[in-house]
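Each chain, written out:
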Amino acid sequence: MAHTEFQRPARPGTPYAEALAAFGERVRLVGPDRWDAPTPCTDWSVRDLVNHLTGEQLWVPELLMGSTVSEVGGRFDGDVLGADPAAAWTAAAEAARTAFEVPGATELTVHLSFGDASGQYYLDQLTADTVVHTWDLAEAIGRGTRLPDGLVEFALGELAGYGDLSGSGVFDPPLPVPDGASPQTRLLALAGRRDRP
């Protein structure tokens with residue numbers, strides 16, 4: 001039985017393709033000497049961060065085809081980037097985007113690690129995660145840290161509904177923000193990150 005909190009009716013407008021494109025733009029800006037640089041994700045280098053997001057996209061076609069986490073197993077554990085991280089990211093992102101474009105994909109039941117969810121819930125969660133990690137990557141390489149307004153607004157609406165995300169192990173506890181803070185500052189604070197003015 002699927003948990004109702006992970007169910008969402010299918011609806012158009014989730015900016016998943018735009019989020020993938022924004023992350024991909026920044027992956028292509030990573031210089032050869034920056035792959036080992038630290039990121040706002042305390043335990044992750046730039047390569048670790050790109051590897052995490054690439055791995056997430058590799059899961060998408062499998063999960064949308066009905067596979068369970070145990071059936072996929074450790075196939076996408078470890079390094080999935082190989083010798084050409086940008087090419088690995090591009091291929092994984094393209095396959096994931098294409099999988100979500102199949103008619104009915106957002107109406108499917110997806111077997112996630114924490115329970116069954118609708119395809120729409122999975123799509124929205126992936127999109128918000130990609131937006132926050134796009135800033136992490138931009139901050140780490142010092143390029144492109146202002147995110148597109150539409151992506152920020154979407155992710156802010158998504159994360160605001162989740163509460164404290166620090167239990168996920170991916171985000172730090174939320175930070176306070178001043179009145180009148182920009183949407184990007186508020187989004188990053190929800191994920192335990194401090195935006196630069």
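What you see is a predicted model; the values in this text were computed from it and never measured. (Residues numbered from 1 in each chain as written. Predicted model: local features only at pLDDT ≥ 70, side-chain atom pairs only at ≥ 80, totals over all residues. Heavy atoms only, no water.)

Below, the discussion takes up the side chain of Glu-62. Within the secondary structure, Glu-62 is located in helix 2 (residues 46-64). Excluding residues within four positions of it along the chain, Glu-62 makes contact with Ser-67, Val-72, Arg-75 and Phe-76. (Helix = DSSP H or I, 4+ residues; strand = E, 2+ residues; numbered from the N terminus. Contact = heavy atoms within 4.5 Å.)

Bringing the nonpolar core into the picture now. Within the largest apolar cluster, 38 residues are counted, with the highest numbers of intra-cluster contacts made by Val-46, Val-60, Phe-100, Tyr-122 and Leu-137. Looking at this core, the elements that each hand over two or more residues are helix 1 (16-27), helix 2, helix 4 (85-100), strand 1 (109-112) and helix 5 (119-141). Counting residues per element, this core draws most heavily on helix 2, which supplies eight residues. Excluding residues within four positions of it along the chain, Tyr-122 makes contact with Glu-56, Trp-59, Val-60, Leu-63, Leu-64, Phe-100, Val-110 and Leu-112. (Core = buried A, V, L, I, M, F, W, Y, C linked by side-chain atoms within 4.5 Å. Buried < 20%, exposed > 50% of the residue type's maximum accessible area, 1.4 Å probe, protein only.)

With respect to the helices, strands and loops of the structure, Arg-34 is situated in the loop between helix 1 and helix 2. At a separation of 2.6 Å, a polar atom in the side chain of Arg-34 contacts the main-chain carbonyl oxygen of Ala-140. (Polar contact = N/O pair within 3.5 Å; in protein donor to acceptor, adjacent residues only side chain to side chain.)

For the rest of this paragraph, the subject is helix 6 (residues 149-160). Note on helix geometry: an α-helix contains 3.6 residues per turn, so any two residues three or four positions apart are oriented the same way. For helix 6, built from twelve residues, the straight-helix expectation of 16 Å at 1.5 Å per residue is met to within 8% by its first-to-last C-alpha distance of 16 Å. Looking at the buried side of helix 6, the elements it contacts are helix 1, helix 5 and helix 7 (183-190). (Expected span 1.5 Å × (residues − 1).)

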